[in-house]
Every structure is written in structure tokens, then in C-alpha cells.
Amino acid sequence: MAAHEETAETADRDRTGTTDTATATAERTPPAAGAGRPLTARAAAAAGPGTGVGPRVASAPDAGSPWPLRIVVIGLVLAALNLRPAITSLGSLLEEVRDGLGMSGTVAGLLTSVPTLCFALFGLAAPRLARRWGPATVVCAGLAAITAGLALRPLVGNTAGFLVISALALAGIAVSNILMPVIVKRWFPDRIGPMTGLYSMAMSLGTAGAAAVTVPMTDALGGSWRLGLGVWALLAAVAVSPWFLIARGRTNRQVRAESAAAPQDAPAPRITRSPTAWALAVFFGLQATGAYITMGWMPQIFRDAGVSASTAGVLLAVTMVMGVPLSFVLPRVAARLRHQGVLVLTLGAFGFTGYAGLWLAPAGGAWAWALLLGVSNCAFPLALTMIGMRAKTSAGVVGLSAFAQSTGYLLSIPGPLLVGALYQHTGGWDLPIALMAGLMVPQMVAGVLAGRDRTVEDEAVRVPPTA
């Protein structure tokens, strides 16, 4: 039997250049000449549903060998760490950037709105790119774009160039945002909750870390805002290497082959005709609205209540840091539930309580309100988890992720601007805070609808093939 297994492994190594030990051991039979080994029933169940393009084959080495899967885990963490520093590092040095480039206040306000706009627009291209090149290849290219954008934008000497190159980095972030749930669904179909939690936690850590470290690091580098922004390109460059390996792996090639065959064998569902997809898009957009309002305006609320500027900054950091442990735990819990509505309602209750505290006693209970709103903002990893759970196939996850995130980010654009307008018009925070609390109602309704145990493939009306 041992010799038989060795023969199977040697034949596989000759054909693909890589040993798929786990698959060879599970099947105990040598592969047919010129063909991949078929999955056993157990392996097929673990691999998750296919895309309707015929029998699936084992993805050596990606799906069978633990070493490449560890590379995917490392790649997920490194990619997630780089999906927000381009934004939060700039926010920390925005005043210095404005002075250095002679940027007007209006343009600076536009710059703070560019991320969500880029996420919405460039994210729409992710499904088409993933079908053509494979999701891992697109993530690799996205990280390369982030690296280039972060490295080049401090070198330009005018506002227009700075905006254009910032858009390059944001485009890389946008396509990677869309494809993270797809990567998890394809490489870890039986561990959606834990793996979503892992990269959500890494994303929160990258967000909070860049906000906290950028200014001290800039001071340590001599006070140059250009160096303070450019140094984040090093972290992005490190993340490119594992994704280059993953993109060359067999699973990514298999996804490309299945996507190429899918249009003629199995028409894609019309995501826009799925009630669950719309509910998820609204839920994603409203939670993003709350998060960007919190990041943009919460320090000012505390400062206007008499809290010092330094303490207000720490309170914002506390809110952001809450997402680190909860982003790891919440998707695990969500993946074990058939209906995630109870989690949506719980997070909404935390949000209501936090906003009520801000309205009644913003300074007196500042630390408590910061903690409560930090918990409420963990609706983001919950939304990502539901994206992976509300579709049966990789193609379905790609379409749902692109639709929910792009539509959601478009919905989130007016929120922070409206809060600023209400604050300027009324001269106080009562009406803006009432708006923030009021938005929690449709967020919870949409979240409960999105959390139902159903998939977009079951709901969406398929377009009949044309004659």
C-alpha cells in the first residue's frame, strides 16, 4: 500500500510539479493519465459546491497540501492589514498635506470623500477581472497598485497628481475589498466564519494601527509628511509576494477555467433581482455610513462637549480598537447561526445606547459611549460574513460581494456630508446625533432581512439563453 501511494504521488509530481499528499492518501488510487484525480465524496463536500460546469478536480497543491493553505492564510492577513492605512494615515496628516500642497479646504473635503467613491466605482470591475484572471491574480495586482500608489503619491508636488495617484491605491483596495470574501469561500469553504474573522481582525488592526502610529512615526523620520505617508508602501510590498505564489497555484487556475465555462453551461443569477442581495447592500451601506460618521465626527462631538483634543483622539482609537477582537469572534458566531438577525439587533442596541449617551451626557460617559459605538461598528465583519453565506458558489459570492459593497459604499457617501451640514446649520449636535440614531432603524431592518437562511441563487431570476 505504501508503494502504491508513493507511485500515485510521483505521478502527480511529474504532472503538476507539486505533491498533493493529502489527496493521494485519501483516494489510494493513481490518477488516470492526463487527467486530474476526482474528488472523493468527503473531499467534494469539504470543497463546497461547484459552479455548474461539470465534475470538479482536486486543487493540488492549494486544496490538498497544508503548506500552500498556510500561504493563503498569511496572504489574507497581510492583504487585510493593507486595506485601510492608505486612508487613515492620510487622515492623520491631512493638515500637513494641505499645507504642503497648497490644498484648499474644499479639495481637502473632496479628498476625504474619494475613498468611498473609489470603492463603489472600482469595485464594480472586480467580478469581470476575477473571471478573466482569477481572484488571487486580481488581489495580487490590487496590492501592487496599493504599493505603487502609496510610494508615488508623496513624490508629487501638486494637488491633482496627489488625487490621481491616491485613486490608484484606492482602486487596488477596492478590488481587494470585493474579492476577500471570494477567496475565503473558495479556499476555505468549511471555515467561512473563522477565516472571515481573521482577515476582519487584521483589517481593524491595520486601520487602528495606521491612525495611531503615523504621526509618531512621521516625527521619528524627521517630521516629513512625505516620508510618513510613503513608508506604508513597504507594508504593502511585503503583501505582494505571497499573493504572487497563490496566483500561480492550481486552485486559482481552476477558478479561471470554471469561470470561462460558466456562461455557456450555467447563466449567472441576476443579483439585482434578489431581495437578499438588496437587503445586504442596504445593510452594508448603512453600517458604512455609521462607521464613517464615527471616524469623521466623533472626536469633534467630544471636543465640543469639553473633552480635550488629545483625549478625544484616544476615544476614537478606543472605538476603532474594539473592532480587533470582536472582528475575530463575531464571524465565528455568525457562521454557526442559521439566521444572523439576532446579532444584527444586538449590535443595533449597542449603537442606540451609544448615541443616546452622546446626546444626553457626551463628556460624562465618554469612555462608555466610545466602547458601545465600537461594538456597534462591528456590523462590518458581520456583513462580510453574510456575503460569504448568502451565495452557494464562487461566482455567486463574486457577484454578491461586488453588488453589496459597491451599492453600499455609494449609499454611504451622503451620510458624513449630511451630518456636517446639519452641524453647521444648527450649531450643535442634537439633530446630527438624532440622525445617526435614526439610521440604526433601517440598518437593523435590512440586516434582519439579509440574515435569513437563503441564497441569491435561490432567489435571483435567471436570464434565459437567447436563441
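Conventions adopted
Residues numbered from 1 in each chain as written. Predicted model: local features only at pLDDT ≥ 70, side-chain atom pairs only at ≥ 80, totals over all residues. Heavy atoms only, no water. Helix = DSSP H or I, 4+ residues; strand = E, 2+ residues; numbered from the N terminus. Buried < 20%, exposed > 50% of the residue type's maximum accessible area, 1.4 Å probe, protein only. Contact = heavy atoms within 4.5 Å. Axes fitted to C-alpha atoms, helices over the stretch in contact; angles between N-to-C directions. Parallel < 35°, antiparallel > 145°, perpendicular 65-115°, else oblique. Left-handed = near helix turned anticlockwise from the far one by under 90°. Nonpolar A, V, L, I, M, F, W, Y, C, P; charged D, E, K, R; others polar. pLDDT = per-residue confidence, 0-100. Salt bridge = Lys/Arg side-chain N within 4 Å of Asp/Glu carboxyl O. Core = buried A, V, L, I, M, F, W, Y, C linked by side-chain atoms within 4.5 Å.

Novice: Which parts of the structure should I look at to understand the side chain of Thr218?
Specialist: When you line up the elements, Thr218 lands in helix α11 (residues 192-220). Its relative accessible area of 3% is what places Thr218 among the buried residues. With sequence-adjacent residues up to four places away left out, Thr218 is seen in contact with Leu93, Gly223, Ser224, Trp225 and Gly228.

Novice: I would appreciate a short explanation of the packing of helix α5 (residues 85-92) against α11 in the present structure.
Specialist: If you want to describe how two helices pack, look at the angle between their axes and the distance between the axes. In the contact formed by α5 and α11, the axes pass within 8 Å of each other and the chain directions differ by 30°. Between α5 and α11, the angle falls in the class roughly parallel. In the crossing of α5 with α11, the sense of the turn from one axis to the other is right-handed. Note on element contacts: α11 touches α5 through Gly206, Thr207, Ala210, Ala211, Thr214 and Val215, opposite Pro85, Thr88, Ser89 and Ser92. A per-class count over the contact of α5 with α11 returns four nonpolar, six polar and no charged.

Novice: Explain the confidence of the model for the protein chain here, please?
Specialist: Low pLDDT means the predicted coordinates in that region are not meant to be read closely. The pLDDT averaged across the protein chain works out to 80; a share of 79% of its residues lies at or above 70. Note on residues 462-467: pLDDT under 50 across the span, and six contacts to partners over four residues away in sequence or across chains.

Novice: Please explain the packing of helix α15 (residues 275-304) against helix α22 (residues 414-426) as it appears in this structure.
Specialist: Orientation of α15 relative to α22, taken along the N-to-C sense of each, is 25°, at an axis distance of 8 Å. The orientation of α15 relative to α22 falls into the category roughly parallel. The segment α15 lies against α22, with Thr289, Tyr292, Ile293, Trp297, Gln300 and Asp304 engaging Gly415, Pro416, Val419, Gly420 and Tyr423.

Novice: Which parts of the structure should I look at to understand the pattern of salt bridges?
Specialist: Where charged atoms of side chains with opposite charge meet at close range, the side chains can pair. Within this structure, the stated rule accounts for three salt bridges. For Arg338, the salt bridge identified is with Asp453, shortest N-O distance 2.6 Å. Taken together, the residues Arg338 in the loop between α17 (323-335) and α18 (341-360) and Asp453 in the loop between α23 (430-450) and α24 (456-459) connect sequence positions 115 residues apart. By relative accessible area, Arg338 is classed as exposed at 63%. Linking Glu459 and Arg454 is a salt bridge whose minimum nitrogen-to-oxygen distance equals 3.6 Å.

Novice: Is there a simple way to explain the nonpolar core in this structure?
Specialist: Most often, soluble globular proteins keep nonpolar side chains buried together rather than apart. Counting 85 residues, the largest nonpolar core has Leu76, Trp243, Phe283 and Leu382 as its most contacted members. In terms of residues, this core owes the most to one element, helix α10 (residues 159-187), which gives twelve residues. Counting residues in each nonpolar core, the second largest holds 23 residues, with Phe302, Met320, Leu358 and Leu372 among its members.

Novice: Got a minute to help me understand the environment of Phe122 in this structure?
Specialist: In this structure, Phe122 sits in helix α7 (residues 105-123). Among the residues examined, Phe122 registers a relative accessible area of 36% and is labelled partly exposed. When the C-alpha atoms of Phe122 and Ala174 are compared, they prove to be 5.9 Å apart, with 52 residues separating the residues in sequence. Filtering out sequence-adjacent residues up to four positions away, Phe122 remains in contact with Ala167, Ala171, Ala174 and Val175.

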